[in-house]
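Structural description and commentary
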Amino acid sequence: MRATFAAGCFWGVQKTFDQVPGVISTTVGYCGGHTESPTYEQVCHGDTGHAESIDIIFDPQKVSYQQLLEIFWHMYHPATGEDKKFQYRSAIFYHDAEQQQLAVESQAEFAKQNPYAGHVNVQIANASPFYAAEDYHQKYYLKHGANSC
């Protein structure tokens, strides 16, 4: 199965999800925009509408989509994307109606249990085409150290 999230700088997000048992592979890239095959430079300029994202292939027998959402919410902070560029916004890009429902329910639950209740700013949207980032961004944390993001 597939899951796609945006939660700020994609290097750190990839590191987190790579450590989850049941995650088969992760790819960092760009989702949620309107430009076909954007480059990192274009995304950083803010003209493409994309968010730095992670595309996850996972084994639902070992980790559920709900568990991946819980990990996403542990990474979320309401300031993500607000004081930075638009490409660092937080988003859950769903791939089917079940993922959409679980994303909406998880956001409501997070808002109820969190001190930032009125400030949860996470886009929940249909997964538009995902474009893999350039090779030098893939597994960046392994190439440049765990604290590179």
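Everything that follows concerns the structure shown earlier in this document.
First things first, this report covers the structure right here in the doc. (Residues numbered from 1 in each chain as written. Predicted model: local features only at pLDDT ≥ 70, side-chain atom pairs only at ≥ 80, totals over all residues. Heavy atoms only, no water.)

1. Points about the pattern of salt bridges
Here the idea is simple: oppositely charged side chains can pair when their charged atoms come close. In total, this model carries three salt bridges according to the counting rule given. Close ionic contact of Arg2 with Asp55 constitutes a salt bridge, the shortest N to O distance being 2.9 Å. Pair noted here: Arg2 is in strand 1 (residues 2-7) and Asp55 is in strand 3 (residues 51-58), with a separation of 53 residues, a long-range link. (Salt bridge = Lys/Arg side-chain N within 4 Å of Asp/Glu carboxyl O. Helix = DSSP H or I, 4+ residues; strand = E, 2+ residues; numbered from the N terminus.)

2. Observations concerning helix 3 (residues 65-75)
Restricting attention to buried positions, one finds in helix 3 the residues Tyr65, Leu68, Leu69, Phe72 and Trp73. Angularly, the buried residues of helix 3 cover 140° about the axis, an arc narrow enough to put them on a single face. (Buried < 20%, exposed > 50% of the residue type's maximum accessible area, 1.4 Å probe, protein only. Arc of directions from axis to C-beta.)

3. Some points on the sheet that holds strand 3
With mixed pairing, six strands are arranged side by side in an open sheet as 5-4-1-3-2-6. Two strands close off the open sheet at either side, each with one partner strand: strand 5 (122-126) and strand 6 (131-132). Relative to strand 3, strand 1 runs antiparallel, the two sharing four bridges. Within strand 3, the position partnered with Phe5 by the bridge is Ile54. (Pairing = 2+ DSSP bridges.)

4. A word on the environment of Ser128
Turning to its location among the elements, Ser128 is positioned in the loop between strand 5 and strand 6. Looking at Ser128, the relative accessible area reads 22%, which means it is partly exposed. The spatial distance from the C-alpha of Ser128 to the C-alpha of Asp47 is 16 Å, given a sequence separation of 81 residues. With residues near it in sequence (within four places) discarded, Ser128 still touches Cys31, Gly32 and Gly33. (Contact = heavy atoms within 4.5 Å.)

5. Regarding helix 4 (residues 97-113)
Here helix 4 contains 17 residues, and its C-alpha end-to-end distance of 24 Å stays within 8% of the 24 Å for a straight helix at 1.5 Å per residue. Inspection of helix 4 places Gln99, Leu102, Ala103, Ser106, Gln107, Phe110 and Ala111 among the buried residues, and these make up the whole buried set. The arc that holds the buried residues of helix 4, viewed along the axis, is 165°, so those residues lie on one side. Across from the buried face of helix 4, at angles greater than 90 degrees, the exposed residues are Ala97, Glu98 and Lys112. Those residues of helix 4 that are buried are in contact with strand 1, helix 3, strand 4 (90-94) and strand 5. Backbone nitrogen of Glu98 and a side-chain oxygen of the N-cap are separated by 3.2 Å at the start of helix 4; the cap is Asp96. (Expected span 1.5 Å × (residues − 1). Polar contact = N/O pair within 3.5 Å; in protein donor to acceptor, adjacent residues only side chain to side chain.)

6. Notes on unusual backbone geometry
Even without being a glycine, Ser37 presents a positive backbone phi close to 50°. Examined against the element boundaries, Ser37 turns out to sit in the loop between strand 2 (23-31) and helix 2 (40-45). At Lys139, a residue that is not glycine, the phi angle is positive and equals roughly 55°. Take Lys139: it is sitting in the loop between strand 6 and helix 5 (140-144).

7. Some thoughts on the packing of aromatic side chains
Applying the stated criterion across every chain yields a total of 11 aromatic pairs. With a centroid separation of 5.5 Å and an interplanar angle of 10°, the aromatic rings of Phe5 and Phe17 are classed as stacked. On the criterion of sequence distance, the pair formed by Phe5 in strand 1 and Phe17 in helix 1 (residues 10-18) is long-range, its members being 12 residues apart. Both residues of the pair, Phe5 and Phe17, belong to the buried class. Each ring, one from Trp11 and one from Tyr140, has its centre 3.6 Å from the other, and the planes form 5°; the classification is stacked. (Phe/Tyr/Trp six-rings, centres within 6.5 Å; stacked < 30°, edge-to-face > 60°.)

Everything listed is a geometric property; what it means functionally is a separate question.
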